[in-house]
Structure formats: structure tokens, C-alpha cells
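# Tertiary structure, described
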Amino acid sequence: MRIGMTLSYSSGFTEAVAELEDFEKAGLDIVSVAEAYTFDAVSQLGFIAARTSRLEIASAILQLYTRTPTLTAMTAAGLDFVSGGRFWLGLGASGPQVIEGFHGVLYDAPLGRTREVIDICRQVWRREPVVYKGRYYQVPLPEGQGSGLGKPLKIINRPLRPRIPIVLAAIGPRNVALAAEIAEGWLPVFFHPDRADNAWGSALREGYARRDPELGPLDITASVFLAIGEGYQDDPRLLQPYRAQLALYIGGMGAKGRNFYNDLARRYGYEQAADVIQELYLAGRKDEAAAAIPDDLVRDTSLVGPPGYVRERVAAFAEAGVTTLHVTPLATAHAERVQAVEQLRAIID
């Protein structure tokens, strides 16, 4: 089981990258950079690639609609090259609030576009002349569109790998089935190992049935808050930031009827709580929304407690198919965060 984490640079990006050496020594395997509506992930990943030697690096996630498929492929090939073959391409559809509200691009057909983007990326990495006649992307532009001068081209530089691993961020059943069918990895959110089969089991089985064996086993990443120590389970303040995050996503990340995270809470079996959380959050009562998050949802989707308890929960995640634990150490001091990763590495090993 791998250990990953998202680079947190609240105290400065270059400072956070300098600290990665300590996490690498402690047992960290992969570091991700998010791309919401802040600095782009690509420039930061390139910087990390130059400052590390063993750590794998990943975009988590590059948004599907904001780059052409071929630019996405070129970017991934470039990051894979400068990192010496350590790059994982994390892709996701994001949501209409960001795609239409910040980028001014129509949010449509996420499933169909995802499949076509991946097809084109792999064609580019195989260094084939790109010819693609999809429903959403046509390369080159078909006759009657544009100047008429477009012709099939292949990438000039030879990619380091003909297949760069792709991770799909997905939580809806159809998206999850697609990830299990065509991606090397799957990045869900708020992964509940004891209820995962209720939410995603049938979708995963549907995708696995169509999966090309050459892709190998699906890497499943679960993101968890991490604190290992006696007494941590009994301290409600420790997981308060996580409660607030759950409230934001379940309650406020999208309008009523278009909140994918609220839908996930329902599939987990928290229908009544999901209604209450959303009502409170959209009414501006954010603290009450956080207090309404079910205790077991907070507890069972994190790794907080004594070493023995964390060992049991790691086993539960493994039993549910998780192969990468993507951690957010709750300690405020750098040395304590590194120690938490070191403790988790010892438990996994």
C-alpha cells in the first residue's frame, strides 16, 4: 500500500517542497498537486520534479474541460519526461460552478469527453499521427471547418513512456464504472471502507467486466485525515477541520439536485443527514451543518486514534480494495507531520 499526500503550501510553496525530502525519508511514495481555481498545477509539478528524485508526482486533478486533449497529452508527457517517468495524470470533470463560472466553458457530457480525452492522450503517447473522429473531439478538424489546412501530426519528442498512468477522480456510479474500465487509477472522495460497496460496488464490477487486462489492477486512492496516538479518538477538536470540510462538500458544493457529494452521502446511507446538512449550509449556518455530520462518517473515513486502532482501519481500507492512502496529517508542526507518516509506514509494512 502506497502513502500519498497533497502538497500543502499555506506557509509557502517553496518551503513546502523543501520539506518533501523529510516526508520521502519517512515513507511517502507520491505527492499530488491540486488545480482548483488557483495557481496551475503544471508549473508546480515541474518544480517538484526538479527538487525530488524518488517521489512519484501526480496532478489531482487537471480539469477535463480547460485544455485540449492533445495539450493534456503533451503536458503529461512533458511532466513524465522531466520527472524521469514518475508522473501520474490525474483527470477529473470538476463541476459546472468552476468550469462555467471561472473558465467560461460549457460543462457538458463529462463521461463521453473523459473517454475521448483518454483515447487521444494514449494515441499521442504512442507517437501515432493523431486522427480521431469522436462525438466531442475531431482531430484534425473535419472538412468544412476551419481553414482546411489541418493535417494529422504526431508529437515531435518521443514520450518517455507510451502509457502514462491515468487516475480518474470520480464519485458518480457511471464515472466510477468508467474509471474501473479504462484508467490505471481511481480517486474517490470521502472513501468509507465499510460502506464503499453500497456506494460503488456495482459500478466497479460493471467497469471491471469491460477492463483491458493490460491495464493491470486498478489503483484505488482513499484520502484520509491522519493522527496516530493515544487519546486522539476522544478529542473532538482534532477532526473539527474535517467536519467543516465534509459540511462544505455535502452541504455547499453545488446547488440542490446538482451536488455530487450530497448524492454520495445518500448512497452511503445518510439520506436524512444529507438533507439537514444541505439545508443548514445553504442557509449560512455552517457551524450547525458541521455539527450535523454523522460521527461515524467522520471517524470511519479518517485514520485518527491509537496505533492498534489505526492498524485495524488500515486493514479495513485494504479489504475494501484501497491501494494508496492519501493522507492529511493533522499535526501543526512539520516534525510531527513527518512522524505521523513514519508511523503509518511502519503500520502498513
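Now for a look at the structure at hand. Keep in mind that this is a model prediction, so the values were computed, not measured.

## Focus: the side chain of Arg-345
Within the secondary structure layout, Arg-345 lies in helix H14 (residues 334-348). Engagement of the side chain of Arg-345 in a polar contact is seen with the side chain of Asp-29, the distance being 2.8 Å. Other than its neighbours up to four places away in sequence, Arg-345 contacts Met-1, Ile-3, Ala-26, Gly-27 and Asp-29.

## Brief notes about the packing of helix H2 (residues 41-51) against helix H3 (residues 69-82)
One can describe the packing of H2 onto H3 by two numbers: an axis separation of 9 Å at closest approach and a directional angle of 15°. Of the possible angle classes, the one that applies to H2 and H3 is roughly parallel. For the element pair H2 and H3, the recorded crossing hand is right-handed. Only Thr-75, Leu-79 and Val-82 of H3 make contact with H2, whose side of the interface consists of Val-42, Leu-45, Gly-46 and Ala-49. Here the contact of H2 with H3 is composed, by residue class, of five nonpolar, two polar and no charged.

## Digging into the pattern of salt bridges
Under the definition given, this model contains 25 salt bridges. The closest approach of N and O atoms between Asp-108 and Arg-113, which form a salt bridge, is 2.7 Å. Overall, Asp-108 belongs to the partly exposed group, its relative accessible area being 22%. It is possible to trace a salt-bridge network through shared partners that takes in Glu-24, Asp-29, Arg-54, Arg-345 and Asp-349.

## Re the side chain of Arg-211
Note on placement: Arg-211 falls in the loop between helix H7 (196-209) and strand S10 (219-228). Among buried charged residues, Arg-211 stands out as having no salt bridge; its nearest opposite-charge side chain is Glu-184, 6.5 Å away. Among the polar contacts listed, one links the side chain of Arg-211 to the backbone oxygen of Gly-216, at a separation of 2.9 Å. Ignoring sequence-local partners within four residues, the contact set of Arg-211 consists of Ala-179, Ala-180, Glu-181, Ile-182, Ala-183, Glu-184, Gly-216, Pro-217 and Leu-218.

## A short note on unusual backbone geometry
At the junction of Ala-60 and Ile-61, the peptide bond is cis and its omega measures out at 15° in the coordinates. Its place among the elements puts Ile-61 in the loop between strand S3 (56-59) and strand S4 (62-63). The amide bond that connects Val-139 to the next residue, Pro-140, takes the cis arrangement and shows omega of -10°. Position of Pro-140 relative to the elements: it lies in the loop between strand S7 (138-139) and strand S8 (166-169). Phi is positive for Ser-94, which is not a glycine, with a value near 60°. Ser-94 gets classed as partly exposed once you look at its relative accessible area, which sits at 29%.

## With respect to the packing of aromatic side chains
Evaluation of the coordinates by the stated rule reveals 13 aromatic pairs. With a centroid separation of 5.0 Å and 90° between ring planes, the pair formed by Trp-186 and Trp-200 is classed as edge-to-face. You can see Trp-186 sitting in strand S9 (residues 185-187) and its partner Trp-200 sitting in helix H7, a full 14 residues away along the chain. Across the pair, exposure class does not vary: Trp-186 and Trp-200 are buried alike. For the ring pair Phe-191 and Phe-317, a centre distance of 6.2 Å and an interplane angle of 35° mean the geometry is tilted. Residue Phe-191 is found in the loop between S9 and H7, and its partner Phe-317 is found in helix H13 (residues 307-319); the two are separated by 126 residues along the sequence.

## Considerations on a nonpolar patch on the surface
A contiguous nonpolar surface patch, about 310 Å² in accessible area, is contributed by Phe-81, Val-82 and Leu-160. Within the secondary structure, Val-82 is located in helix H3.

Quick notes on the rules
- Along each chain, the written sequence defines residue order, and numbers are assigned to residues from 1.
- Whole-chain, interface and lining totals are the exception, using all residues; otherwise, since this is a predicted model, local features are given only for residues with pLDDT of at least 70 and side-chain atom pairs are given and counted only at 80 or more.
- Hydrogens and water molecules were not included; the side-chain quantities draw on all heavy atoms of the structure.
- A run of H or I in DSSP becomes a helix once it reaches four residues, and a run of E becomes a strand once it reaches two; helices and strands are each numbered from the N terminus.
- Each polar contact in these results corresponds to two N or O atoms within 3.5 Å; when the atoms are within protein, one needs to be able to donate a hydrogen and the other to accept it, and residues that are neighboring in sequence are counted only if both atoms are side-chain atoms.
- Contacts are assigned to residue pairs that have any heavy atoms within 4.5 Å of one another.
- Whenever a helix is involved, its axis is fitted only over the stretch in contact; in every case the axis is a line through C-alpha atoms, and angles between N-to-C directions fall within 0 to 180 degrees.
- These descriptions rest on fixed angle ranges, namely under 35 degrees for roughly parallel, over 145 for roughly antiparallel, 65 to 115 for roughly perpendicular, and the rest for oblique.
- Handedness of each helix crossing follows the sense of rotation of the near helix against the far helix: counterclockwise by less than a right angle gives left-handed, clockwise gives right-handed.
- Note on residue categories: nonpolar means Ala, Val, Leu, Ile, Met, Phe, Trp, Tyr, Cys or Pro, charged means Asp, Glu, Lys or Arg, and polar means any other residue, Gly included.
- Here, a salt bridge means any Lys or Arg side-chain nitrogen found within 4 Å of an Asp or Glu carboxyl oxygen.
- Residue burial is assigned from relative accessible area. The probe radius is 1.4 Å, only protein chains are included, and a residue is buried under 20% of its type maximum, exposed over 50%, and partly exposed in between.
- Working convention for charge: Lys and Arg count positive, Asp and Glu count negative, and His plus the chain ends are omitted.
- Ring geometry is summarised as follows: Phe, Tyr and Trp rings, the Trp one being its six-membered ring, pair when their centres sit within 6.5 Å, and such pairs are stacked at plane angles under 30 degrees, edge-to-face over 60 and tilted between the two.
- Patches here: salt-bridge-free residues with over 30% relative accessible area, like charges joined within 9 Å, nonpolar side chains (Val, Leu, Ile, Met, Phe, Trp, Tyr) joined within 5 Å.
- Each accessible area is a Shrake-Rupley result for a 1.4 Å probe, and residues are judged covered by the shown protein chains and nothing else.

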